[in-house]
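The residues making up each chain are set out below.
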Amino acid sequence: MIDIQQHLIPSGTPLREALQRINSLPGGAMNLFVTDNGGRALGSVTDGDIRRGLIAGAGLSSPVDEVMRREFLRVPADAGDEAVGLIAEARRRGIRIVPAADASGRIVRIYDLSRLRSLLPLDAVLMAGGKGERMRPLTLTTPKPLLPVAGKPIIDYNVEAFASFGIENVKATVNYLRGQIEEHFSVPRAGIMVECVGEPAPLGTFGSLAYVREGLTHDNLIVMNSDLLTDIDFEAMYRRHIAEDAAITVASVPYTVSVPYAIMVTEGERVCSLAEKPTYNYFANAGVYIMKRSLLERIREGERLDAPDFITSLLEEGVRIAHYPVDGLWMDIGAPDDYRCACELMDKRPRTPQSAD
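Caption draft 1: Region of the structure containing the sheet that holds strand β2 (residues 31-35). Pairing in this open sheet of 3 strands is mixed, and the strands run β1-β2-β3 from one edge to the other. A single partner strand is all that each edge strand has here, and the edge strands are β1 (8-10) and β3 (41-46). Taken over all neighbouring pairs, the strand axes of this sheet differ in orientation by 35 degrees on average, direction set aside.

Caption draft 2: Highlighting the environment of Ala 275. Take Ala 275: it is sitting in strand β16 (residues 270-276). Taking the C-alpha atoms as reference points, Ala 275 and Leu 8, separated by 267 residues in sequence, lie 70 Å from one another. In this structure Ala 275 touches Tyr 261, Ala 262 and Ile 263, once residues within four positions along its chain are discounted.

Caption draft 3: Quick peek at the pattern of salt bridges. Counted under the stated rule, the structure contains 17 salt bridges. The closest approach of N and O atoms between Arg 93 and Glu 89, which form a salt bridge, is 3.0 Å. Judged by relative accessible area, which is 28%, Glu 89 ranks as partly exposed. Lys 171 is the partner of Glu 195 in a salt bridge, and the nearest nitrogen-oxygen pair spans 2.6 Å. Of this pair, Glu 195 sits in strand β11 (residues 195-198) while Lys 171 is found in strand β10 (residues 170-174), placing the two residues 24 residues apart along the sequence. Given a relative accessible area of 2%, Lys 171 falls into the buried group. Sharing partners across several salt bridges, the network here consists of Asp 49, Arg 52 and Arg 69.

Caption draft 4: Up close: helix α8 (residues 307-316). Turning to α8, its buried residues number three or more, namely Ala 307, Phe 310, Ile 311 and Leu 314. The buried side chains of α8 occupy one side of the element, clustering within an arc of 95 degrees when seen end-on. The inward-facing, buried residues of α8 abut α6 (204-207), β14 (248-258), β17 (279-292) and β18 (321-325). Phi for Gly 318, located one or two positions after α8, is positive at around 85 degrees.

Caption draft 5: Looking closely at the environment of Lys 152. Structurally, Lys 152 can be placed in strand β9 (residues 152-153). In this structure, the C-alpha to C-alpha distance between Lys 152 and Val 212, residues 60 residues apart in sequence, is 26 Å. Beyond its immediate stretch of four places on either side in the chain, Lys 152 contacts Leu 147, Tyr 157 and Glu 160.

Caption draft 6: Highlighting the packing of helix α1 (residues 15-23) against helix α2 (residues 47-55). Where α1 contacts α2, the two axes come as close as 10 Å, and the packing angle between them is 150 degrees. Classified by the interaxial angle, the pair formed by α1 and α2 is roughly antiparallel. Note on packing geometry: the crossing formed by α1 with α2 is left-handed. Here Leu 15, Ala 18, Leu 19 and Ile 22 of α1 lie close against α2, whose contacting residues are Asp 47, Ile 50 and Leu 54.

Caption draft 7: Quick peek at a nonpolar patch on the surface. There is a patch of nonpolar side chains on the surface, built from Leu 19, Leu 54 and Leu 60 and spanning about 190 Å² of accessible area. Mapped onto the secondary structure, Leu 60 falls in the loop between α2 and β4 (75-76). Owing to a relative accessible area of 31%, Leu 60 belongs among the partly exposed residues under this scheme.

Caption draft 8: Representation of the environment of Gly 53 within the structure. Within the fold, Gly 53 resides in helix α2. For Gly 53, a relative accessible area of 11% gives the class buried. For Gly 53 and Pro 63, which are 10 residues apart along the polypeptide, the C-alpha to C-alpha distance reads 11 Å.

Caption draft 9: Spatial organisation of the nonpolar core. Judged by nonpolar contacts, the single largest core of 36 residues is most densely connected at Phe 162, Ile 167, Ile 222, Phe 234 and Val 288. Elements represented by at least two residues in this core include exactly β7 (122-128), α4 (154-164), β10, β12 (220-225), α7 (234-243), β14 and β17. Broken down by element, the residue count for this core peaks at 5 residues, all from α4. Setting aside residues no more than four positions away along its own chain, Ile 222 makes contact with Leu 122, Asp 123, Ala 124, Val 125, Phe 162, Ile 167, Phe 234, Val 288, Tyr 289 and Ile 290. Counting 23 residues, the second largest nonpolar core, distinct from the first, contains Met 127, Val 212, Leu 216 and Phe 310.

Caption draft 10: Up close: the packing of aromatic side chains. A complete count under the given rule lists 5 aromatic pairs for this structure. Centroid distance Phe 33 to Phe 72: 5.8 Å. Interplanar angle 40 degrees. Geometry classified as tilted. One end of the pair, Phe 33, is in strand β2; the other, Phe 72, is in the loop between α2 and β4, and 39 residues separate them in sequence. Of the residues examined, Phe 33 reaches a relative accessible area of 1% and is grouped as buried. Where Phe 206 meets Tyr 289, the ring centres are 5.0 Å apart and the plane angle is 75 degrees; that geometry is what we call edge-to-face.

Reading the values: the criteria
Residues numbered from 1 in each chain as written. Predicted model: local features only at pLDDT ≥ 70, side-chain atom pairs only at ≥ 80, totals over all residues. Heavy atoms only, no water. Pairing = 2+ DSSP bridges. Helix = DSSP H or I, 4+ residues; strand = E, 2+ residues; numbered from the N terminus. Axes fitted to C-alpha atoms, helices over the stretch in contact; angles between N-to-C directions. Contact = heavy atoms within 4.5 Å. Salt bridge = Lys/Arg side-chain N within 4 Å of Asp/Glu carboxyl O. Buried < 20%, exposed > 50% of the residue type's maximum accessible area, 1.4 Å probe, protein only. Arc of directions from axis to C-beta. Parallel < 35°, antiparallel > 145°, perpendicular 65-115°, else oblique. Left-handed = near helix turned anticlockwise from the far one by under 90°. Patch = residues over 30% accessible without salt bridge, like charges linked within 9 Å, V, L, I, M, F, W, Y side chains within 5 Å. Areas by Shrake-Rupley, 256 points an atom, 1.4 Å probe, with all protein chains shown as cover. Core = buried A, V, L, I, M, F, W, Y, C linked by side-chain atoms within 4.5 Å. Phe/Tyr/Trp six-rings, centres within 6.5 Å; stacked < 30°, edge-to-face > 60°.

Rendered as structure tokens:
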């Protein structure tokens, strides 16, 4: 967490003190925000603003108000589509430190865009209740989401990814060896307290969603298999979801089937055409979904429900479903060979700092 007070400076503070404050900021951050007696933000100041002010004739004893920028980028305290756009604009303008202000103009939070990629108005659910039977014997005593990949549990990569996109209300649905996962999340991970929600029995990929309705804060939520390794751009997927006005947007990965034989197209006893060793390209379900929260009302407690069945029922009703192709890393750790490959891959990838605000 960023200490807000490090970045706030009272109106009337001399430039000499402002420079000293900027010089003491950690991690190369260079922004201060000038506030009035009520704590409301009046302007932004950087070392560059002070330097230009001194060149223009200000003195080191001049008040910081003389050089501050009264128009500066800030985001609303409640994340929403406006915040998403403003964070994107800050990135385009090369702004690293962005404040969040409440309705009265008081700065309530500071975001460091070297660690934060967006502020998506999404809740998140990680599905972590499966037995991981294909991964045995590794999963006989350890739930698959907690298997280490490059020294870190699989599920933590996904929690960190959520945090980097400003998603903080995260739940994990648990069943098999749930006590271990609950213990794991008894402390914050990537600055997030993940809430574990128990399913009374194995209920399929979507059946457990009947138990996460309480405590959701946004109109949309992201649902994800906890045993995935992916660097999917959640912001781009969210934008696709909103632009398509979809009930559900499904992340997809390309899947190619090559047939080593000549395939015949027949009509009765007659051969109509022959394709020599054809290749067929498809999109496969990647196990990541953004969905409208209202859809959870369709899922009954105790009912076993898999994602394909749920989505198929929506399609039969004419509900709009979109897909978002994953461009980058995507690995489904379903079998021992997948796990070994994931460990080797992540051992070689450069480490990135954990997301923080």
